[in-house]
There are 2 protein chains.
Amino acid sequence: VTTFGDRLSERVLALGNPACVGIDPALDRIPGVRPEMSVEERAEGVAAFCRAVIEVVAPLVPVVKLQAAFFEQLGAPGYAALVSSVRFAREAGLLVLVDAKRGDIGSTAEAYARAILDDDGPMGADAATVSPYPGPESLEPWDKRTRVGKGYFVLVRTSNPGAGAWQRGTGVAARIAEAVSARCPGPGLGPVGAVVGATLPPGEVALWRTRMPRTWFLVPGFGAQGAGPDDVRPHFARGRLGALVSSSREVLYPPSGTDPDDCRPALRARAESFVDRVRSLEVG
Amino acid sequence: VTTFGDRLSERVLALGNPACVGIDPALDRIPGVRPEMSVEERAEGVAAFCRAVIEVVAPLVPVVKLQAAFFEQLGAPGYAALVSSVRFAREAGLLVLVDAKRGDIGSTAEAYARAILDDDGPMGADAATVSPYPGPESLEPWDKRTRVGKGYFVLVRTSNPGAGAWQRGTGVAARIAEAVSARCPGPGLGPVGAVVGATLPPGEVALWRTRMPRTWFLVPGFGAQGAGPDDVRPHFARGRLGALVSSSREVLYPPSGTDPDDCRPALRARAESFVDRVRSLEVG
């Protein structure tokens, strides 16, 4: 079985970039979705928008990341749109990451892993994001699935303004990083990744890279969310590998005033621009 | 607006016990649900079992807690069963806690809060569990909803065997506890609760109680999951208030051999036994 880390490396090298398009369908910004519609109509509008995004970006980037919350706010029809979008993206040849930040233990964690990763479950995604606070046991059901080529990204160090309050200077993020790195013994980049924020001080990013040398970093927030090239370069391990650079809003959403009725050309232009900027990050 | 902490206190006093029945529908233990069924049939079996549990326990306990993962593993039909079970439990007069351990920031966290708590959203539950690792911002959208009587329980200190690896001795749990306690200024017990494991050393529980004197503790794992009365008594704040004592497996599941076709009498007997044991915890 090819590990998730190697699958991701192969896809990045095949596409020539480590860009990840984040699909965060904010209801007030989706062409054709209006507040007066029924929940079912809005969920169908979300699913249609996701299909358009996936068709446009599938030839351009190796990975899409779907943000579960934005679907769940529409209840069961929204969850159905999440499931169908994951399946549609897999069929389009993309690696699919479900950004759900699930974090639990025992049979509950097992059920979350089954819900997101298992090929005989509803989604069969390639990877998920996992919140580790309950302890090392919260990683176990996800580890089990790395044996069949699945992966997961552990929240290690985020870069929202308040992240330091509970993650920095307490040792907890360092301990979690150690657990992640132990799961990536090499050769190659391992199946367990780490979420490492885009707007941390570069010196701190270098420290996390030293602590997790063979780990894929998922780096949210490039571009519209505030991080520039110099923020993101230290996340890479070598060449264009090791950092999966994600952007959502700047690819998905047009500036206000743009005609929402034919969104594909505009989506393509924005995705190509995003990919160009990620390519320019290539290091060493 | 009556705050969630006061609503919970009122319900506990009205029912005469602080017991919470956890609804964790493990697919292999639900009467009438078989692996060869379609996903839709299994989800309908889960929903029917949840309705039976809710009807049986509604006159006995103040709160039910639904574990999202067990529904999500059935995909969209399972999510629909979660939504309908939450609504059914609310209509039965129960306070409803969705144990989803969501943890994110910004618009994503807002979408999760909307998905679970908002009365004009899909579920309209009374409270949720929240995983705080991303930082204080992860609490903001949930805080906003405390103004309309909703609540949430923050993962502070769990008691799974590995919990200490990242929570203990690092200061992080103490800092999170401080943030929780600041949201419960009194008088009365506040709208923001804390998950504090049942099988911690009693001295440590007393410490958490001192750090969060006006906070409801959600205490999972009483009974079948290993905690006894002496483990759980220190979680209370006063009388039968302050600790919401939860049990799932020992109420939900019959010993093997029980006739699955009429599970209600057995459910009632087990729920009554659970409530009796929780009542016997009353302190001071």
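Quick caveat, the model's predicted, so the values are computed rather than measured. (Residues numbered from 1 in each chain as written. Chains lettered and ligands numbered in written order. Predicted model: local features only at pLDDT ≥ 70, side-chain atom pairs only at ≥ 80, totals over all residues. Heavy atoms only, no water.)

Chemist: Outline the sheet that holds strand β3 (residues 95–102) of chain A, listing residues and values.
Modeler: All names here are of chain A. Pairing in this closed barrel of 8 strands is parallel, and the strands run β1-β2-β3-β4-β5-β6-β7-β8 around the ring. Strand-to-strand twist across the sheet, computed as the mean angle between neighbouring axes with direction ignored, equals 30°. Where strand β1 (residues 19–23) and strand β2 (residues 63–67) come together, 4 bridges link them in parallel fashion. Looking at β2, one finds that I23 is bridged to L66. The strands touched by helix α8 (residues 172–182) are β5 (151–157) and β6 (192–196); relative to β5, the strand with the most contacts, the crossing angle is about 160°. (Pairing = 2+ DSSP bridges. Helix = DSSP H or I, 4+ residues; strand = E, 2+ residues; numbered from the N terminus. Axes fitted to C-alpha atoms, helices over the stretch in contact; angles between N-to-C directions. Contact = heavy atoms within 4.5 Å.)

Chemist: Could you give me a rundown of the sheet that holds strand β3 (residues 95–102) of chain B, with the residues and numbers involved?
Modeler: As a general point, the strands of a sheet are linked pairwise by backbone hydrogen bonds and lie either parallel or antiparallel. Residue and element names in this part refer to chain B. As summarised here, the arrangement of the 8 strands in space is β1-β2-β3-β4-β5-β6-β7-β8, forming a closed barrel in which the pairing is parallel. Each strand axis lies, on average, 30° off the axis of its neighbour in the sheet, ignoring direction. Where strand β6 (residues 192–196) meets strand β7 (residues 217–220), 2 bridges bridge the pair, whose relative direction is parallel. Within β7, the position partnered with A194 by the bridge is F217.

Chemist: Which residues make up the relation of the copies chain B and chain A, and what values do they have?
Modeler: You can overlay chain B on chain A at an RMSD of 0.0 Å; the transform is a turn of 180° with a shift of 0.0 Å along its axis. Classification of the inter-copy transformation places it as that of a two-fold axis. Here 100% of the interface residues in chain B have copies in chain A that are interface residues too; the copies meet face to matching face. (Least-squares fit on C-alpha atoms with pLDDT ≥ 70 in both.)

Chemist: Requested: an account of the packing of helix α2 (residues 39–57) of chain B against helix α4 (residues 75–91) of chain B, with residues and values cited.
Modeler: All names here are of chain B. In the contact formed by α2 and α4, the axes pass within 9 Å of each other and the chain directions differ by 15°. By the criterion of interaxial angle, the relationship of α2 to α4 is roughly parallel. As α2 packs across α4, the resulting crossing turns out to be right-handed. Where α2 approaches α4, its residues V39, E40, A43, A47, C50, R51, I54 and E55 are matched on the opposing element by P77, G78, A81, S84, S85, F88 and A89. When its residues are assigned to classes, the contact of α2 with α4 shows 9 nonpolar, 3 polar and 3 charged. (Parallel < 35°, antiparallel > 145°, perpendicular 65-115°, else oblique. Left-handed = near helix turned anticlockwise from the far one by under 90°. Nonpolar A, V, L, I, M, F, W, Y, C, P; charged D, E, K, R; others polar.)

Chemist: If you had to explain the side chain of D99 of chain B to someone new, which residues and values would you point to?
Modeler: With respect to the secondary-structure elements, D99 of chain B resides in strand β3. Assessed through its relative accessible area of 4%, D99 of chain B is described here as buried. Looking at D99 of chain B, its side chain comes within polar contact range of the side chain of Q67 of chain B, at 3.1 Å. Of note is the side chain of D99 of chain B, whose polar atom sits 2.6 Å from the side chain of T129 of chain B. In contact with D99 of chain B, not counting residues within four places along its chain, are Y112 of chain A together with K65, L66, Q67, A68 and T129 of chain B. (Buried < 20%, exposed > 50% of the residue type's maximum accessible area, 1.4 Å probe, protein only. Polar contact = N/O pair within 3.5 Å; in protein donor to acceptor, adjacent residues only side chain to side chain.)

Chemist: If you had to explain unusual backbone geometry to someone new, which residues and values would you point to?
Modeler: All names here are of chain A. Cis geometry marks the peptide bond from G186 to P187, where omega comes out at -5°. Within the secondary structure, P187 sits in the loop between α8 and β6. One non-glycine residue with positive phi stands out, namely K101, at about 45°. Inspection of the secondary structure assignment puts K101 in strand β3. Take K101: its relative accessible area is 10%, and that puts it in the buried class.

Chemist: I'd like a description of the packing of aromatic side chains, backed by residues and values.
Modeler: We describe a pair of aromatic rings using the distance from one ring centre to the other and the angle between the two ring planes. In total, this model carries 9 aromatic pairs over all chains according to the counting rule given. Centre to centre, the rings of F4 of chain A and F153 of chain A are 6.1 Å apart; their planes meet at 90°, and the pair counts as edge-to-face. One end of the pair, F4 of chain A, is in helix α1 (residues 4–15); the other, F153 of chain A, is in strand β5, and 149 residues separate them in sequence. With respect to burial, F4 of chain A and F153 of chain A carry one shared label: buried. Their ring planes at 10° and their centres at 6.5 Å tell us that F49 of chain B and Y253 of chain B sit as a pair that is stacked. Taken together, the residues span a long stretch of sequence, with F49 of chain B in helix α2 and Y253 of chain B in the loop between α11 (249–252) and α12 (264–279) at a distance of 204 residues. With respect to burial, F49 of chain B and Y253 of chain B carry one shared label: buried. Between R211 of chain A and the ring centre of W208 of chain A, over which it is positioned, the NZ or CZ distance is 4.9 Å. (Phe/Tyr/Trp six-rings, centres within 6.5 Å; stacked < 30°, edge-to-face > 60°. Lys NZ or Arg CZ within 6 Å of the ring centre and 35° of its normal.)

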